[in-house]
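Next come the chains, spelled out residue by residue.
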Amino acid sequence: MPAPIRVLTAVPICDGHDSAINTINLEFIRRGIEVVYLGYHRSVGDIVRAAIQEDVRAIGISSYNGGHVEFFADVVKQLRRQGAEDISVFGGGGGTITHADATEMERHGVKKIFFAGTSLEEMARYVRKNYSQPRNRRGASKNRDIELARKLTEIEDRYVGRKTKQDRKSKIENRNSRVFGFTGPGGAGKTTLIDELVLRFLLSEPKTRIAILSHDPSVVGEGALLGDRATMINSQDDRVFMRSMATRGQAGGLSPATGECLRELIKAGFDYVIIETVGTGQEAMPFQRSGLVDQTVLVMNPDYGARLQLQKIVMLDLADIVVVNKTDQARARAAILEIERRLQQNKRAQPLVTSVAKRHRDPGVDELFGLVSRHGVMRSKRRKP
Ligand code: B12
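Our subject in this report is the structure included herewith.

## A short note on the side chain of Ser177
Phase 1 of the analysis: Counting through the fold element by element, Ser177 comes out in the loop between helix H6 (144–158) and strand S6 (178–183).
Phase 2 of the analysis: Only 2.6 Å separates the side chain of Ser177 from the backbone oxygen of Phe270, close enough to count as a polar contact.
Phase 3 of the analysis: Ignoring anything within four residues of it in the chain, the contact list for Ser177 reads Leu265, Ile266, Gly269, Phe270, Asp271, Val273, Asp294 and Arg374.

Right under this line is the structure:
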């Protein structure tokens, strides 16, 4: 079975027209393509960095607000400058991109522009036809991110079609990286919380390099929407290496290749590696056997249902830190008390942090940062929401 095609899609800076690309993303996924979606209002630098780290075959850009000739050309130029010319660029933008513009863009190395009236099927067919063959890589790259990204692709592709279980080798000794596992139900705000933590690492530790392995669900042989990058704002930074992984049929929140990819990131010497699972259910304990995670953080939404539900969430027993996020919601006060009582039963002194991660300078995120950072000084204490 061939590895799924991976493409990155985005909308340029100063452009909020994302409805077309959202529709196109869904069609690509339906046709077995893994789509890393970067979101709208994205700069050339963000797009090129993301495409390199994700090691995608091609970038699809949807552009409506003008400036497309220069923007697309600059994406191609920056890819070439960084040694990533094997990543193609294509896209569209309804009637905004004229046929004359498209000719000019193709002269600058853009592979194809799609015009109004093209069917979704035709676009998906173009991707499958042009980007399903293995790439001809010309030797090793001098670019650190490109080399690492290619290794991660090799690892992921080795697991395709194999019934290999998640890597469970022993710990790596003498490692410098601190590894955090973030898990919790879908919609709890894990990605936003991680992005805010990354901001604090970047601001307080000027040389720190961070890696993020972010997971989204997929079925064997099918496509996936790898959409966490669209939520990440602060993590679009040269000191952050982010990789989006589809679970490719494995239950439990991670991909079969996660363990090996994590090892590669540790070897690469990142100071912190953050693993984000897919939105998980009550039974999930994604980091139990990997032996590679230093601290696990369970992120919960106050809206989990009746108190009885808490008895069934396995991670409440296992997590090193529990975060109740979105405490601006109506049910937050009751949820914090219920979760606090539930944790008391464990007698493990697990810190309980309350946060509103979407809020700038949220004190709860500061507190979590204090608990996970090497230089953290803040001690966990519960505040009222
Ligand atoms: C829907 C729409 C909006 C919605 C956007 C909703 C959203 N979240 O996307 C709303 C109402 C919010 C909006 C707002 C604005 N809009 Co508007 N909008 C449109 C509109 C009507 C349709 C665009 C669209 O989604 N089409 C649907 C797609 C699926 O079809 P398509 O465009 O034909 O694209 C085809 C191919 O090009 C291809 N394709 C497109 N992208 C990609 C990408 C890839 C990778 C691939 C493979 C293919 C592909 O797919 C389609 C296949 O048939 C266009 C007018 C038009 N008819 O194009 C104006 C238009 C783009 N908007 C325009 C303007 C000016 C604005 C505003 C600035 C208005 C204002 N003053 O506030 C704001 C800016 C918003 C912002 N933040 O950027 C202008 C842009 C003019 C220009 N560039 O000079 C347009 C052209 C209208 C006009 N004639 O004036 N807009």
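Past the structure itself, the notes keep going.
## What to know about the sheet that holds strand S4 (residues 88–92)
Phase 1 of the analysis: Spatial strand order, S5-S4-S3-S1-S2-S8: 6 strands in an open sheet with parallel pairing. At either end of the open sheet lies a strand with only one pairing partner, and these are strand S5 (112–114) and strand S8 (224–226). Each strand axis lies, on average, 25 degrees off the axis of its neighbour in the sheet, ignoring direction.
Phase 2 of the analysis: Sheet topology note: the S4/S5 ladder contains 3 bridges and is parallel. Residue pairing for S5: Phe90 is matched across the bridge by Lys112.

## Here we look at the packing of helix H2 (residues 44–54) against helix H3 (residues 68–81)
Phase 1 of the analysis: Where H2 meets H3, the axes come as close as 10 Å, and the angle between the chain directions of the two elements is 45 degrees. By the criterion of interaxial angle, the relationship of H2 to H3 is oblique. In terms of crossing hand, the pair formed by H2 and H3 is right-handed. Residue-level contacts link Val44, Ile47 and Val48 of H2 to Phe71, Asp74, Val75, Gln78 and Leu79 of H3.
Phase 2 of the analysis: Looking at the contact of H2 with H3, its residues break down into 6 nonpolar, 1 polar and 1 charged.

## Some details on the pairing of strand S12 (residues 321–324)
Phase 1 of the analysis: In S12, alternate side chains face the same way, and those of Ile321 and Val323 on one face and Val322 and Val324 on the other are all buried.
Phase 2 of the analysis: Here strand S11 (residues 295–300) pairs with S12 via 4 bridges, running parallel. Pairing of Met300 across the sheet is with Val324, part of S12.
Phase 3 of the analysis: Pairing between S12 and strand S13 (residues 352–354): 3 bridges, direction parallel. When the bridges of S13 are listed, Val322 appears paired with Leu352.
Phase 4 of the analysis: A crossover links S12 with its parallel partner S13, the connecting element being helix H10 (residues 332–346), and its sense is right-handed.

## Some words on the coordination of the cobalt atom of the ligand
Phase 1 of the analysis: Looking at the protein side alone, the cobalt atom of the ligand has one donor only, His17 (NE2), at 2.2 Å.
Phase 2 of the analysis: Its location among the elements puts His17 in the loop between strand S1 (6–10) and helix H1 (19–30).

## Structural notes on the nonpolar core
For soluble globular proteins, nonpolar side chains are generally found buried alongside one another.
Phase 1 of the analysis: With 31 residues, the main nonpolar core has Leu8, Ile47, Ile59, Val75, Leu79 and Ile87 as its most contacted residues.
Phase 2 of the analysis: Looking at this core, the elements with two or more residues in it are S1, H2, strand S3 (58–62), H3, helix H4 (99–107) and S8.
Phase 3 of the analysis: Beyond its immediate chain neighbours, meaning those up to four positions away, Val75 contacts Val44, Ile47, Val48, Ile59, Ile61 and Val89.
Phase 4 of the analysis: Among the nonpolar cores identified, the runner-up in size contains 26 residues, and Ile194, Phe201, Ile274 and Val297 belong to it.

## Considerations on the side chain of Ser235
Phase 1 of the analysis: Looking at the element boundaries, Ser235 is found in the loop between S8 and strand S9 (240–246).
Phase 2 of the analysis: At 2.7 Å, the side chain of Ser235 forms a polar contact with the side chain of Asp195.
Phase 3 of the analysis: Setting aside residues no more than four positions away along its own chain, Ser235 makes contact with Asp195, Val198, Ile212 and Val240.

## What about the environment of Phe182?
Phase 1 of the analysis: Locating Phe182 in the fold gives a position in strand S6.
Phase 2 of the analysis: Since its relative accessible area comes to 0%, Phe182 is described here as buried.
Phase 3 of the analysis: C-alpha of Phe182 to C-alpha of Val299: the two residues are 117 residues apart in sequence and 7.1 Å apart in space.
Phase 4 of the analysis: Apart from residues lying up to four places away in sequence, Phe182 is in contact with Lys190, Leu193, Ile194, Leu197, Ile274, Ile275, Glu276, Thr277, Phe287, Val297, Val299 and Leu368.

## What about the pattern of salt bridges?
Phase 1 of the analysis: Taken as a whole and assessed by the stated rule, the structure comprises 26 salt bridges.
Phase 2 of the analysis: Ionic pairing is found between Arg135 and Asp55, a salt bridge with its closest N-O pair at 3.3 Å. Here Arg135 is found in the loop between helix H5 (120–131) and H6, whereas its partner Asp55 is found in the loop between H2 and S3, with 80 residues between them in sequence.
Phase 3 of the analysis: A network of salt bridges, in which partner residues are shared, links Arg6, Glu34, Glu54, Glu156, Asp157, Arg229, Arg243 and Arg248.

## Thoughts on the site of the ligand
Phase 1 of the analysis: The ligand sits among 26 residues. The nearest are Gly16, His17, Asp18, Ser62 and Tyr64.
Phase 2 of the analysis: Side-chain polar atom of Asn65 to an oxygen atom of the ligand: 2.9 Å apart, as the coordinates give it.
Phase 3 of the analysis: Within the backbone of Gly92, a nitrogen or oxygen atom sits 3.5 Å from a nitrogen atom of the ligand.
Phase 4 of the analysis: Of all elements in the fold, only H1, S3 and S4 reach the threshold of two or more residues within the shell around the ligand.
Phase 5 of the analysis: Looking at the shell around the ligand element by element, the count peaks at 4 residues for H1.
Phase 6 of the analysis: A breakdown of the residues in the shell around the ligand according to their chemical character gives 10 nonpolar, 14 polar and 2 charged.

Conventions we followed
- Residues numbered from 1 in each chain as written.
- Predicted model: local features only at pLDDT ≥ 70, side-chain atom pairs only at ≥ 80, totals over all residues.
- Heavy atoms only, no water.
- Helix = DSSP H or I, 4+ residues; strand = E, 2+ residues; numbered from the N terminus.
- Polar contact = N/O pair within 3.5 Å; in protein donor to acceptor, adjacent residues only side chain to side chain.
- Contact = heavy atoms within 4.5 Å.
- Pairing = 2+ DSSP bridges.
- Axes fitted to C-alpha atoms, helices over the stretch in contact; angles between N-to-C directions.
- Parallel < 35°, antiparallel > 145°, perpendicular 65-115°, else oblique.
- Left-handed = near helix turned anticlockwise from the far one by under 90°.
- Nonpolar A, V, L, I, M, F, W, Y, C, P; charged D, E, K, R; others polar.
- Buried < 20%, exposed > 50% of the residue type's maximum accessible area, 1.4 Å probe, protein only.
- Right-handed = clockwise from strand over helix to strand, strands pointing away.
- Donors = N, O, S within 2.8 Å, 3.2 Å for Na, K, Ca; no water.
- Core = buried A, V, L, I, M, F, W, Y, C linked by side-chain atoms within 4.5 Å.
- Salt bridge = Lys/Arg side-chain N within 4 Å of Asp/Glu carboxyl O.
- Near = heavy atom within 4 Å.

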